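Spelled out from the first residue to the last, the chains are:
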Amino acid sequence: GDRYVFHHDRYDGAASSDIVASFFEAVRILESASSPAISNLSKTGRFYDWIESRVDPNAFERVFRAFASHSFASLSGDLLGRFFEHYAQRVDKRRRRRLGQYYTPPSVVQFIWSEALAIAEDRGVLQDVRVLDPGVGSAAFLTEGARRMSDAGVTRFWERLVGFDIDPQVIGVAYVNLFLAVLSGLERQDAEQVEELHLYPTDALEPTSSAPLTAYLPLLTAEPLRQYLAGQIDLSASVKAASAYDLVIGNPPYRNNSTRTLQQVAETFPRLLQTSRANARLRERNIRDDYAWFFAAADYYIQQDGLIGFVVSSSFCAADSYRYFRLDLLRNYAIRRLVHLGTGIFDDVGPRTSFVVVLLEKRASSIATENIESHEFFDLRAFDEPEARLALLNEAALGNWVNWPDAELVTPTETHNFRLHPIDPLVPAVKSAGLPLFAGRDEQSIFLKKWPGLITALDNLWRGQERQELESRIQGFFSCAHDRSDRGETNIESFLNAEGLEDKDADRVRVFL
């Protein structure tokens, strides 16, 4: 009877303060449970012992009775993760942003899982899939994976789900969340087989070192928790060394000013960063986003033919600074799905930051640049409200694509910096016919000088003593610009002669016209 936290007579007739003390004592008793999973559940709960002396007893009793009187058997989704996001983490937004922690809408999680498992089923390997979430957070992706793999009849599915996170406190939330999801898919006799959950307080970007987390241990006062985390940190080294996952999935930390440099991460994970590093230039913007490092880390942990399923910032798809990253990515991975979600998908993320869902399949070996194939691109930005876009993901996760826009076929090319988005026809037209803003001394450009003010190549043309004179020149200029007749070139020369423009001044106007 002591193994039960909620359904017990110890609380009958007790005062609010006694309920608090009895509850926390009941949780601590679980540390001696014969089941490692239950024992570890209690140990990770030690992160929140500080609540016992600070919580209002009356408020705690109301919450306690609400939990004890309701059944959560039919509940799906990331309950604790939502609570952690909306309440606990809002106390310290700066810390959350520093770690790049943004919790994922359920529809995004479900869509990525449905796409990944469909490929696994087509291959006939669903029963053998091993999954890693390298930034597990509250385990939103792994809890969804537990439900889906249980429904698919995967044997001992909980042993195939692995999560890393640099924040040990979050691991405590993830453990409870994942354990509840696992138990919901099992009968009582099967639930007793769950001995351990593979959640590790470790840095996915440090495949051979546990130093950052080891330094954290002396700060912990609860000995059971310290011993448990020390064991998990040590164990994580061998887990990371195995690096044989079929699916790396998740929402990598989003931070666009990483504490790690391109050179540092490329030394650890070279395959997807080697060309970017080789072409890095001083005083030019290079990759400095944490999520890019997680792409490179995923490549390290995944096995041949494995899949990467991420929701990330869309910047890597088109930004010039990601040109060489895209090249390495495309040579080593085939794009199986690319969906632009637009902005407003995540709370607390700036209104200009847009996101994509991307599913990549690792190639058996790198291919030549000229062999990079086309891929489909779905753009949901035409739907103004984020809720409408998320609803489309829900529909697709259930196999309904009727309301989706048609996919556009994109062929990444060197000419367009291997962009993964469609190219607006206007862009290459302007690039081919236009002029650079600034160029060398003997080259044509739009601006000739930056100091003491911007001096354009048409500066002399737009100078005049009288308004009427300037109006006449402007009308003559645009008349020539729109003249597509056989006499077009003759009219341009007549215009230049009439305005007294010669030599370089005349050449500059000819280029514009």
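None of these values were measured; they are calculated from a predicted model. (Residues numbered from 1 in each chain as written. Predicted model: local features only at pLDDT ≥ 70, side-chain atom pairs only at ≥ 80, totals over all residues. Heavy atoms only, no water.)

Draft legend 1. Region of the structure containing the overall build of the protein chain. Within the protein chain, the secondary structure is distributed over 21 helices and eleven strands. Here the protein chain, with 513 residues, has 45% of them falling under the buried criterion. In the protein chain, the share of contacts with a sequence separation of at least 24, taken over all contacts with a separation of at least 6, comes to 72%. Per element, the accessible surface of the protein chain, about 26300 Å² overall, is 50% carbon and sulfur. (Helix = DSSP H or I, 4+ residues; strand = E, 2+ residues; numbered from the N terminus. Buried < 20%, exposed > 50% of the residue type's maximum accessible area, 1.4 Å probe, protein only. Contact = heavy atoms within 4.5 Å. Areas by Shrake-Rupley, 256 points an atom, 1.4 Å probe, with all protein chains shown as cover.)

Draft legend 2. Representation of the environment of Ser-16 in the model. Tracing the backbone shows Ser-16 in helix H1 (residues 16-29). Separated by 40 residues in the primary sequence, Ser-16 and Asp-56 have C-alpha atoms spaced 8.9 Å apart. Those residues in contact with Ser-16, other than ones at most four positions away along the chain, are Pro-57, Asn-58 and Glu-61. One polar contact links Ser-16 to Glu-61, side chain to side chain, over a distance of 2.4 Å. (Polar contact = N/O pair within 3.5 Å; in protein donor to acceptor, adjacent residues only side chain to side chain.)

Draft legend 3. Highlighting a nonpolar patch on the surface. Taken together, the side chains of Trp-462, Ile-474 and Phe-478 present a nonpolar region at the surface, about 260 Å² in accessible area. Taking the relative accessible area as the measure of exposure, Phe-478 reaches 43% and is therefore partly exposed. (Patch = residues over 30% accessible without salt bridge, like charges linked within 9 Å, V, L, I, M, F, W, Y side chains within 5 Å. Salt bridge = Lys/Arg side-chain N within 4 Å of Asp/Glu carboxyl O.)

Draft legend 4. Region of the structure containing the packing of aromatic side chains. In total, this model carries 26 aromatic pairs according to the counting rule given. Centroid distance Phe-111 to Trp-404: 5.8 Å. Interplanar angle 20°. Geometry classified as stacked. Residue Phe-111 is located in helix H6 (residues 106-123), and its partner Trp-404 is located in the loop between helix H17 (386-397) and strand S9 (408-410); the two are separated by 293 residues in the primary sequence. Note on accessibility: Phe-111 and Trp-404 belong to one class, buried. Ring pairing ties together the aromatic residues Tyr-291, Phe-295, Phe-310, Phe-316, Tyr-322 and Phe-325, which thus form one cluster. (Phe/Tyr/Trp six-rings, centres within 6.5 Å; stacked < 30°, edge-to-face > 60°.)

Draft legend 5. Seen up close, the sheet that holds strand S3 (residues 198-201). Ordered by their spatial adjacency, nine strands build an open sheet running S3-S2-S1-S4-S5-S7-S6-S8-S9, and the pairing between neighbours is mixed. Each end of this open sheet is capped by a strand with a single partner; those strands are S3 and S9. The mean inter-strand angle of the sheet, taken between neighbouring strand axes irrespective of direction, is 15°. Lying on the sheet, helix H7 (residues 140-151) is in contact with strand S1 (131-133), strand S2 (161-165), S3, strand S4 (245-250) and strand S5 (302-313); it crosses S2 at an angle near 180°. Packing against the sheet, helix H14 (residues 290-301) makes contact with S1, S2, S4, S5, strand S6 (333-342) and strand S7 (355-362), and its axis sits at approximately 165° to S5. (Pairing = 2+ DSSP bridges. Axes fitted to C-alpha atoms, helices over the stretch in contact; angles between N-to-C directions.)

Draft legend 6. Spatial organisation of unusual backbone geometry. For Ala-139, which is not a glycine, the phi torsion comes out positive at approximately 75°. Looking at the element boundaries, Ala-139 is found in the loop between S1 and H7.

Draft legend 7. Quick peek at the pattern of salt bridges. Summed over all chains, the structure comprises 21 salt bridges. Where Arg-65 meets Glu-61, a salt bridge forms, and the shortest distance between an N and an O atom there is 2.9 Å. Of this pair, Arg-65 and Glu-61 are both found in helix H3 (residues 57-68), four residues apart, which corresponds to roughly one turn of the helix. For Arg-65, a relative accessible area of 42% puts it in the partly exposed group. Owing to a relative accessible area of 17%, Glu-61 belongs among the buried residues under this scheme. Here Arg-148 ties to Glu-144 by a salt bridge, and the two come within 2.7 Å at their closest N and O atoms. Here Glu-144 and Arg-148 lie together in helix H7, a separation of four residues that amounts to about one turn. On the basis of relative accessible area, Arg-148 is assigned to the partly exposed category, the value being 22%.

Draft legend 8. Region of interest: the packing of H7 against helix H8 (residues 168-184). For the pair H7 and H8, the least separation of the axes is 9 Å and the interaxial angle reads 10°. By the angle between their axes, H7 is roughly parallel relative to H8. Residue-level contacts link Leu-142, Thr-143, Ala-146 and Arg-147 of H7 to Asn-177, Leu-178, Ala-181 and Val-182 of H8. Classifying every residue of the contact of H7 with H8 by side-chain character gives five nonpolar, two polar and one charged. (Parallel < 35°, antiparallel > 145°, perpendicular 65-115°, else oblique. Nonpolar A, V, L, I, M, F, W, Y, C, P; charged D, E, K, R; others polar.)

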